[in-house]
Amino acid sequence: MQRLVIDGEKKLSGELYVHGAKNSALPLLAACVLARGETVLHNCPRLSDVYAACRILTCLGCKCVRDGDSVSVNTDSLSHFNVPDELMREMRSSIVFLGAILGRIGRCRLSFPGGCELGPRPIDMHISALRQMGAMIKEDHGILDCDVGKGLHGAKIVLSFPSVGATENIILAAVTAKGSTVIHNAAREPEITDLSRFLNSCGARISGYGENSIYIEGVEKLSGCDYEVMPDRIVLATYLSAAAVTGSELTVLNSRVSDVEAILPVFEQMGCIVCPYSDRIYISAKRSLKAVKTIRTMPFPGFPTDAQAVVMAALTKAKGTSIVIENIFSNRFRHVDELLRMGADIKAEGKVAVVDGVNFLSGAKVRATDLRGGAALVVAGLGAQGTTEVSDIKYIDRGYESIENAFSSVGASIKRV
Ligand code: EPZ
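Definitions and cut-offs
Per-chain numbering applies: the sequence of each chain, read as written, is numbered from 1 onward. Note on the predicted model: pLDDT of at least 70 is required for a residue's local features to be given, and 80 or more for side-chain atom pairs to be given and counted; whole-chain, interface and lining totals, by contrast, use all residues. The basis for every side-chain value is the complete set of non-hydrogen atoms in the structure, without hydrogens or water. Note: two strands are recorded as paired if DSSP finds a minimum of 2 bridges between them. Runs of H or I in DSSP of at least four residues are treated as helices and runs of E of at least two as strands, each being numbered from the N terminus. Axis definition: a line fit to C-alpha positions, over the contact stretch in the case of helices; interaxial angles, taken between N-to-C directions, run 0 to 180 degrees. Note on contacts: a residue pair is in contact if any heavy atoms of the two residues lie within 4.5 Å. Definition of a polar contact: a pair of N or O atoms within 3.5 Å, with one able to donate and the other able to accept a hydrogen when the atoms are protein atoms, and with sequence-neighbouring residues admitted only if both atoms are side-chain atoms. To be near a molecule or strand, a residue needs just one of its heavy atoms within 4 Å of it. Grid points spaced at 1 Å over the protein atoms alone were grouped into cavities, where a 1.4 Å probe fits but cannot get out, and pockets, open sets with protein on both sides within 12 Å along at least five of seven lines, with lining residues defined by an atom within 4 Å of a point. Whether a molecule sits in a cavity or pocket is decided by its atoms, more than half of which must lie within 2 Å of the grid points. Take the buried Ala, Val, Leu, Ile, Met, Phe, Trp, Tyr and Cys residues and link them wherever side-chain atoms come within 4.5 Å; each set so joined is a nonpolar core. The classification of residues rests on relative accessible area computed with a 1.4 Å probe and restricted to protein chains. Under 20% of the type maximum is buried, over 50% is exposed, and intermediate values are partly exposed. Grid points are joined across faces, edges and corners, and a volume is the space filled by probe spheres set on the points. Here the term charged refers only to Asp, Glu, Lys and Arg, the term nonpolar to Ala, Val, Leu, Ile, Met, Phe, Trp, Tyr, Cys and Pro, and the term polar to all other amino acids, Gly among them. Domain limits in this description derive from either an automatic procedure or a database domain assignment. When a carboxyl oxygen of Asp or Glu is within 4 Å of a side-chain nitrogen of Lys or Arg, the pair counts as a salt bridge. Whether two aromatic rings pair depends on their centres lying within 6.5 Å, for rings of Phe, Tyr and Trp, where Trp uses its six-membered ring; planes under 30 degrees apart make the pair stacked, over 60 edge-to-face, and the rest tilted. Defined here as a combined quantity, buried area equals the accessible surface (1.4 Å probe) lost by two parts on assembly, summed across both.

Participant: What's the story with the sheet that holds strand S22 (residues 345-349) in this structure? I'm lost.
Facilitator: Two strands in a sheet stick together by hydrogen bonds in their backbones, pointing the same way (parallel) or opposite ways (antiparallel). Spatially, 4 strands are ordered S20-S21-S23-S22 in an open sheet, and the strand pairing comes out mixed. Each edge of the open sheet is held by one strand with a lone partner, namely strand S20 (294-296) and S22. Strand after strand, the sheet turns through a mean of 15 degrees between neighbouring axes, direction not considered. Of the pairings in the sheet, the one linking S22 to strand S23 (residues 352-356) comprises 5 bridges and is antiparallel in character. Bridged to Ala348 within S23 is Ala353. On top of the sheet, helix H10 (residues 308-315) reaches S20, strand S21 (321-325), S22 and S23; it is set at about 170 degrees to S21, its chief contact.

Participant: Can you walk me through the sheet that holds strand S25 (residues 365-367) in this structure?
Facilitator: Spatial ordering of the open sheet is given by S25-S27-S1-S28, a layout of 4 strands whose pairing is mixed. The outermost strands of the open sheet, each flanked by one partner alone, are S25 and strand S28 (413-416). Neighbour-to-neighbour, the strand axes of the sheet open up by a mean angle of 20 degrees, direction not taken into account. Pairing geometry for strand S1 (residues 4-7) and S28, over 4 bridges, is antiparallel.

Participant: I'm lost on the side chain of Arg332 in this one. Help?
Facilitator: Relative to the assigned elements, Arg332 resides in the loop between S21 and helix H11 (334-341). Among the polar contacts made by the side chain of Arg332, one reaches the side chain of Thr305 at a distance of 2.8 Å. The contact partners of Arg332, leaving out residues within four places of it in the chain, are Leu118, Thr305, Asp306, Gln308, Glu326 and Arg372.

Participant: Explain the site of the ligand here, please?
Facilitator: If you check the shell around the ligand, you find 22 residues, and the closest are Asp124, Met125, Ser163, Asp306 and Ile328. Note that a nitrogen atom of the ligand is positioned 2.8 Å from one of the side-chain N or O atoms of Asp124. Here Met125 contributes a backbone N or O atom positioned 2.8 Å from an oxygen atom of the ligand. For the ligand, the cavity whose grid points lie within 2 Å of the majority of its atoms is the largest pocket.

Participant: Can you walk me through unusual backbone geometry in this structure?
Facilitator: The linkage connecting Phe300 with the following residue, Pro301, adopts the cis geometry, with an omega of 15 degrees. Summarising the element assignment, Pro301 is placed in the loop between S20 and H10.

Participant: Explanation requested: the nonpolar core in the structure shown.
Facilitator: A general tendency of soluble globular proteins is for nonpolar side chains to be buried together. In this structure, Phe97, Leu144, Phe198 and Leu199 are the most contacted members of the largest nonpolar core, which totals 79 residues. Aside from chain neighbours lying at most four places away, what touches Phe97 is Leu29, Ala30, Val33, Ala53, Ile56, Leu57 and Leu60. Judged by nonpolar contacts, the second largest core, of 76 residues, contains Leu16, Met342, Val390 and Phe407.

Participant: Looking at this model, I keep getting lost on the layout of surface pockets. Mind explaining?
Facilitator: It is the rolling of a water-molecule-sized probe over the atoms that shows where space remains empty. Space inside the largest pocket adds up to approximately 1,200 Å³. Lining the largest pocket are 46 residues, with Leu118, Arg121, Val164, Gly165 and Phe329 sitting closest to its centre. Counting residues per element, the lining of the largest pocket draws most heavily on helix H1 (residues 22-31), which supplies 4 residues. Grouping the constituent residues of the lining of the largest pocket by class yields 21 nonpolar, 8 polar and 17 charged. Two domains each provide a minimum of three residues to the lining of the largest pocket, namely domain 1 (3-19 + 231-416) and domain 2 (22-228). In this structure, the second largest pocket is lined by 19 residues; those nearest its centre are Val245, Ser288, Leu289, Lys317 and Asn359. Taken together, the residues of the lining of the second largest pocket break down into 6 nonpolar, 7 polar and 6 charged.

Participant: Honestly, the pattern of salt bridges in this entry has me stumped. Any pointers?
Facilitator: Pairs can form between side chains of opposite charge once their charged atoms are near each other. By the definition in use, this model includes 22 salt bridges. One salt bridge connects Lys22 with Asp49, and the closest N-O pair in it is separated by 3.9 Å. On the criterion of sequence distance, the pair formed by Lys22 in helix H1 and Asp49 in helix H2 (residues 48-59) is long-range, its members being 27 residues apart. Under the relative-accessibility criterion, Asp49 is labelled buried at 2%. Of the charged contacts in the structure, one is a salt bridge between Arg55 and Glu90, with a shortest N-O distance of 3.5 Å.

Participant: What am I meant to see in the packing of aromatic side chains here?
Facilitator: When we look at a pair of aromatic rings, we describe it by the centre distance and by the angle of the planes. Under the definition given, this model contains 2 aromatic pairs. For the pair Phe198 and Tyr227, a centre-to-centre distance of 5.6 Å together with 75 degrees between the ring planes defines the contact as edge-to-face. Here Phe198 is found in helix H7 (residues 190-201), whereas its partner Tyr227 is found in strand S16 (residues 226-228), with 29 residues between them in sequence. Just as Phe198 is buried, Tyr227 falls in that class too.

Participant: I'm lost on empty space enclosed by the protein in this one. Help?
Facilitator: Summed over all chains, the structure comprises 1 cavity of 30 Å³ or more. Space inside the largest cavity adds up to approximately 40 Å³. In terms of lining, the largest cavity is formed by Ala21, Asn23, Glu191, Asp232, Arg233, Ile234 and Arg372.

Participant: So what exactly am I meant to see when it comes to the domain arrangement of the protein here?
Facilitator: Put simply, an interface is often sized by how much accessible area is lost when its parts join up. For the protein, the assigned domains are domain 1 (3-19 + 231-416) and domain 2 (22-228). Distance between the C-alpha centres of domain 1 and domain 2: 30 Å. Taken together, the 28 residues of domain 1 in the interface contact 20 residues of domain 2. A buried area of about 2,000 Å², summed over both sides, lies between domain 1 and domain 2, and 49% of it is on carbon and sulfur atoms.

Structure (structure tokens):
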């Protein structure tokens, strides 16, 4: 089993580059199923989840080839509608292929075993919306067997919660459905905007994305195009947290300030100097960190749940008491126990974690519990005295392109063994 070994408390300096967003690349790769001919996605990150999505495309009969930072997908030989069980298990978010496969082929069969490391991952909103659009979906022992019959048609859908995945699945099913679809209480995350812009480049007619209501006019067919995947806003938050916890100054390139407007004020409250420019963000954490009053994770444009763990890792050394409230997932404090092994002082109960800053963290052997929890342990290790060993780093590789090379390039002592 691979591990990351970190000798902490090294000052970081220099520039880091934010790679393409995992949570945009995945729905974009699913969306390629809808486009005839060839699509090329640039700035497509080298992540195990992206590789899993490419394997799903290959299983469907598409040609999926990586060429440097770009991935090309050709759907001319698309012929299957079955997503293998092992691939569904490997990546919960494969559910987003459902809408695209139904839109292109009209049939889809995939397993959805439900829970994952963050707690239950229900898909009730996905299913009920697709049924509203004419899909017949049979659920039996975790297998979804779907058929669109005479074809999908537009519908007026009101989401009870602005679910990112449900919004993506509905958009993917609606772009070639008959008639128009409106999604009220839609997710407003930047990845939804990225998906909508991509689909419009393929010939779709989507408007209102980024707002509460999204409008889609069904079109006959979509054609492949070239598209650049947006930068990963959570990787950006991770790099900012590493600068904060090590008292460093860093410039983070390929940053989109509009994606992190709820995150930057938190670093300023911690006492960091944050200077956003058009495509980069400078951060300096020269002074010791101060606790922040309360962080509540919320749907975009609120503070993102995916940044909760890495920011908490920085808060463990912030003087005073910070309150972190996790409103999105029911089991997203699993990194707390591991941070306690490093000397952090955190009390987590239900959706609230109380973080009392300590003067220093001590290196320890810790285990990644999930993707962002694992990244939080790397951040804590960078800011801890002594050596930290992080195991189960397969979780981290799902969302970070060689995290050890990134941090080594700015002076950290971190290596993969
Ligand atoms: C996406 O997951 C992201 N994953 C998650 O990032 C992110 O944390 C989440 O959105 C929230 O921003 C990808 O984009 C691949 P949701 P998703 O549907 O779509 C409940 C990471 O670390 N819900 O917005 O699954 C659900 O249980 C990952 O990169 C239902 O109840 O998130 C959760 O409590 C982790 N029924 C809440 O809504 C449904 O039908 C938010 O889920 C769907 C969701």
